[in-house]
Amino acid sequence: MDVRKIVLLVGALLIAAVTAFMARSLILGSGAPAATALGAPPPQVNGPEVLVATRALPIGTILDATAVKFQPWPQELVDPKAYFVKSDADTDLKKLQGTVVRFAITAGQPLTQGALVKPGDRGFLAAALGPGMRAVTVPVSTQSAVAGFVFPGDRIDLMLTQSVPGGGDGPPLKVTETVLKNLRVLATDQRTDNTVDDEGKTVVRTYSTVTVEATPKLAEKIAVTQNLGGTLTVALRSIADNAAELEEAIASGSVSVPEGNDPKAERAMMAKAEGQASASKTTYATGADVSRFQRSTVPGKPANSNNGFGAPAVATPAPGGAYPGAAAPRGPVLRVARGNNVTEVPIGGKN
């Protein structure tokens, strides 16, 4: 055998042996896991406990029990005259519920006494309103106000129930329409806070008026709604509706998704979507949706009725040639006018 071929064969065998040894070491001989350095525990704060925000509180936020908590704060940074200190006898969480944030407070920031407006203070309701918003009071009854289970800070829909008369026979059209959605409740009667009993439970009370926050345009619609002669009903909204409305707002373009991964921009987008009241895409239900003996449309006027201006009112034919509220004539007819009265007589009939 040629010497050159023998050298090449021996070299190939050596390379194969080294490769097999290294593969075996990787499969069977995994090294010990590298020790990871644990971060140093956060320093313990031994200062007094002060009241801080558990989440971002924009201007006009009505405080509740979940919005604040007590947290230790460095002693040298605590101002007893400005902060709410837990050891202070004047600090009472129950009294702070229902107060309104006057200045924006970030999550984890201590609350100062000057940043809150208490119920009864001058300018309280104005501080509860967002920029460019208006406060409108709506009268409601016990039956139409969710039995008193609507509290300041909740979100509601406003529904109008009315009777729409027509000129035909039968009862008027009964209809209920959701005219406004996602309105923030500012007060019920003159109360802007939630009363809590000795056990910490919210006291449910009936009320006759609800004050809501609305844009100037929506405030005009609420004023018109109250003068339509119907009955206003309050519908309490679920917190879970915010996710569906956020997707709808993004799809419609009313809310823009921020670029990148900025948590502050995402929270601002969520707050904008949740705070938007709406009067579009309203829904309605007629009496026919509930009972087969009710109407589904407004009855029309008969063809020979007077319109109040000295001339007979002629019914407008519906699609297909039918006259609403009156039977459509068959075959040729003769119209006979006697003064302001017009009578239709089929050809061949008697006058």
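To keep things clear, this report deals only with the structure shown in the data block. No experiment lies behind these values; they were computed from the predicted model shown.

About the thresholds
Residues numbered from 1 in each chain as written. Predicted model: local features only at pLDDT ≥ 70, side-chain atom pairs only at ≥ 80, totals over all residues. Heavy atoms only, no water. Pairing = 2+ DSSP bridges. Helix = DSSP H or I, 4+ residues; strand = E, 2+ residues; numbered from the N terminus. Buried < 20%, exposed > 50% of the residue type's maximum accessible area, 1.4 Å probe, protein only. Contact = heavy atoms within 4.5 Å. Arc of directions from axis to C-beta. Core = buried A, V, L, I, M, F, W, Y, C linked by side-chain atoms within 4.5 Å. Patch = residues over 30% accessible without salt bridge, like charges linked within 9 Å, V, L, I, M, F, W, Y side chains within 5 Å. Areas by Shrake-Rupley, 256 points an atom, 1.4 Å probe, with all protein chains shown as cover. Salt bridge = Lys/Arg side-chain N within 4 Å of Asp/Glu carboxyl O.

## Quick word on the pairing of strand E14 (residues 341-346)
Phase 1: As paired elements, strand E13 (residues 333-338) and E14 share 6 bridges and run antiparallel to each other. The residue bridging Arg335 from the neighbouring strand is Glu344, located in E14.
Phase 2: If you look at the hairpin formed by E13 and E14, you'll find 2 residues sitting between the two strands, and Gly339 has a positive phi there, around 70°.

## Concerning the environment of Val117
Phase 1: In this structure, Val117 sits in strand E4 (residues 116-117).
Phase 2: The exposure class of Val117 is buried, given its relative accessible area of 1%.
Phase 3: Along the chain, Val117 and Arg102 lie 15 residues apart, while their C-alpha atoms are 6.5 Å from each other.
Phase 4: Residues within four places of Val117 in sequence aside, it is in contact with Thr99, Val100, Arg102, Phe124 and Ala127.

## Topic: helix H4 (residues 216-225)
Since one α-helical turn is 3.6 residues long, residues separated by three or four positions face the same way.
Phase 1: Within H4, burial applies to Leu218, Ala219, Ile222 and Thr225. Down the axis of H4, the sector holding all buried residues measures 120°, keeping them to one side. Opposite the packed face of H4, turned more than 90 degrees from it, sit the exposed residues Lys217 and Val224.
Phase 2: Looking at the buried side of H4, the elements it contacts are strand E5 (134-139), strand E6 (155-164), strand E7 (173-188), strand E8 (209-214) and strand E9 (231-236).

## Concerning the nonpolar core
Phase 1: Ile156, Leu158, Leu183 and Ile222 are the most contacted members of the largest nonpolar core, which has 21 residues in total.
Phase 2: By residue number, the principal contributor to this core is E7, which donates 4 residues.
Phase 3: Ignoring anything within four residues of it in the chain, the contact list for Leu183 reads Asp154, Arg155, Ile156, Leu158, Val212, Glu213, Ala214, Ile222 and Ala277.
Phase 4: Membership of the second largest hydrophobic core comes to 13 residues, among which are Leu57, Ala67, Val101 and Ile105.

## Section: a nonpolar patch on the surface
Phase 1: On the surface, Ile6, Val10 and Leu14 cluster together to form a nonpolar patch covering roughly 260 Å² of accessible area.
Phase 2: Positionally, Leu14 belongs in helix H1 (residues 3-28).
Phase 3: Residue Leu14 is classed as exposed on the basis of its relative accessible area of 56%.

## Thoughts on the pattern of salt bridges
Phase 1: Tallying each qualifying case throughout the model produces 5 salt bridges.
Phase 2: Here Arg55 ties to Asp64 by a salt bridge, and the two come within 3.7 Å at their closest N and O atoms.
Phase 3: Between Lys217 and Glu220 there is a salt bridge; the shortest N-O distance is 3.8 Å. Taken together, the positions of Lys217 and Glu220, both in helix H4 and 3 residues apart, correspond to about one turn of that helix.

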